Amino acid sequence: MLRILHVIQSLDPAWGGIARVVPELASGLVAAGHSCRIATLAGGRFGTPPDVGGVEVVAFSDAGDSRLGRSAQFNREIARLVNDCEVVHLHGLWTGQNQAAGRAARKTGRPYIMTPHSMMMPWAWKRSRWKKLLAGWMFEHRNLRGAAMLHALADGEAEAIRALGFNSRVTTVPNGLHTAEYATLPSPDAMHSRFPSAAPCKWVLMLGRVAIQKGIVPGMQACFDILAAGKDWHLVIAGPDEFGLQRMLESAIRRKGLESRVTFTGHLSRDEVRAALGRASILLQPSLSEGLSMSILEALAAGLPVVISDACNMPEVKQADAGRIVAPQRRAIAAALKELVTLDDAARRAMGQRGRALAAERYDWRGLIPRYVSMYESVARR
């Protein structure tokens, strides 16, 4: 039995894919006979961590005065938590928790794994470059060099990590999900009541944060091009407006006269996300930078054809004919969307079924947990 400590900045569902994946990974490891503990922050912008079956969640209060998320309580306790495990797993970069946990792991001789969760992809690495250089010089570059393993979620991410040259010990194991949860999806009736203008139409769904990184601008521009011709289609943008972009986007929508054709839902609960996936006809995610997107995995598991960018690191979508992969540019996205919206419903369903089979074969936790166990065992043996 391995004792694994996961370190993550927040488990609040509003923090997106990482906050979902880590609890599911830890629960899967416990079900496989291992011991997991999660150290995280709580309160303020870090929210409230959920209960995780079979997993001890240790939550620390945030000092509230740092974007890094510094916590004196975490810093006092992390050495004890690290000493009580065999492998430390750091999730994400540029956090005060990584600074303290990396230092404690090196001091106690515990091996640690780092999963950047897309933060070493070229676009993300260069964004806010000077702030990241400062954090790198302070602690994160040393963490990356000293890690027993750098863990990528896709082959494209692994290539980006190796190209930065911090550490040659890189392995790839994808995120996972329970595909059986997407075999039957909730009724969309509540969604129709909340968003009546979208109710009569077929949906192009953009699922995730309203953020530049997610390709929201070229994605919306492409939808402007196809919505004018596709009278029975509606764009649904489902996700939190973290960076205040929604007002600007709504102004662009009004200038185009498409207010009745686009809906912003804001943050959705898990059941609402599943209902939206069941209601939609196409998922659109033309991201500028991804490690491995949970929104895309969920859409595939739900049987949705997808239009994604080549920055999403999922060439298997094209190989399986489960959707279209394009450059994150307006014309390329519009061309792919036009192709899919003009297919008949049966052809789109067939494409979605190929995506469902792909998700079950490659991304179900049942097949992935043994690969994670092998990664932890190989690190612990060192």
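This text goes with the structure placed above it.
Basis of the calculations
- Residues numbered from 1 in each chain as written.
- Predicted model: local features only at pLDDT ≥ 70, side-chain atom pairs only at ≥ 80, totals over all residues.
- Heavy atoms only, no water.
- Helix = DSSP H or I, 4+ residues; strand = E, 2+ residues; numbered from the N terminus.
- Rg over C-alpha atoms; globule rule 2.2 N^0.38 Å.
- Buried < 20%, exposed > 50% of the residue type's maximum accessible area, 1.4 Å probe, protein only.
- Contact = heavy atoms within 4.5 Å.
- Core = buried A, V, L, I, M, F, W, Y, C linked by side-chain atoms within 4.5 Å.
- Phe/Tyr/Trp six-rings, centres within 6.5 Å; stacked < 30°, edge-to-face > 60°.
- Lys NZ or Arg CZ within 6 Å of the ring centre and 35° of its normal.

A.B. asks: How should the overall build of the chain be read in this particular structure?
C.D. replies: Of regular secondary structure, the chain possesses 15 helices and 13 strands. On C-alpha atoms alone, the chain measures out to a radius of gyration of 21 Å, which is about the 21 Å that the 2.2 N^0.38 rule sets for 382 residues. Buried positions account for 56% of the 382 residues belonging to the chain. If you take every contact in the chain between residues at least 6 apart in sequence, the share linking residues at least 24 apart comes to 70%.

A.B. asks: When you look at the nonpolar core in this model, what are you seeing that I'm missing?
C.D. replies: Inside soluble globular proteins, nonpolar side chains tend to come together where they are buried. If you look at the biggest cluster of nonpolar residues, it comprises 62 residues, and the most contacted ones within it are L29, L205, L277, L300, M314, Y372 and Y376. Sorting elements by how many residues they give to this core places helix α15 (residues 365-381) first, with eight residues. Counting residues in hydrophobic clusters, the runner-up holds 35 residues, among them V58, I78, L81 and L144.

A.B. asks: Just checking my understanding: could you explain the packing of aromatic side chains for this structure?
C.D. replies: By convention here, two paired aromatic rings are described through the distance between centres and the angle between planes. Counted by the stated rule, this structure contains five aromatic pairs. Summarising the aromatic geometry, the rings of F60 and F74 are spaced 5.3 Å apart at their centres and angled 80° between planes, so their arrangement reads as edge-to-face. Here F74 lies in helix α2 (residues 72-83) and F60 lies in strand β3 (residues 56-61), a separation of 14 residues in the sequence. Residue class for F60 comes out buried when judged on its relative accessible area of 3%. Using a relative accessible area of 0% as the deciding quantity, one classes F74 as buried. Both rings, one in W365 and one in Y372, keep their centres 6.0 Å apart while their planes meet at 55°; by these two values the pair is tilted. This pair shows no difference in class: W365 is buried, exactly as Y372 is. In textbook terms, an aromatic cluster arises when at least three aromatic residues are bridged by ring pairs, as seen for W94, W125 and F166. Lying across the ring of W130, R129 places its NZ or CZ 5.2 Å from the centre.

These figures come from the coordinates and say nothing about function on their own.
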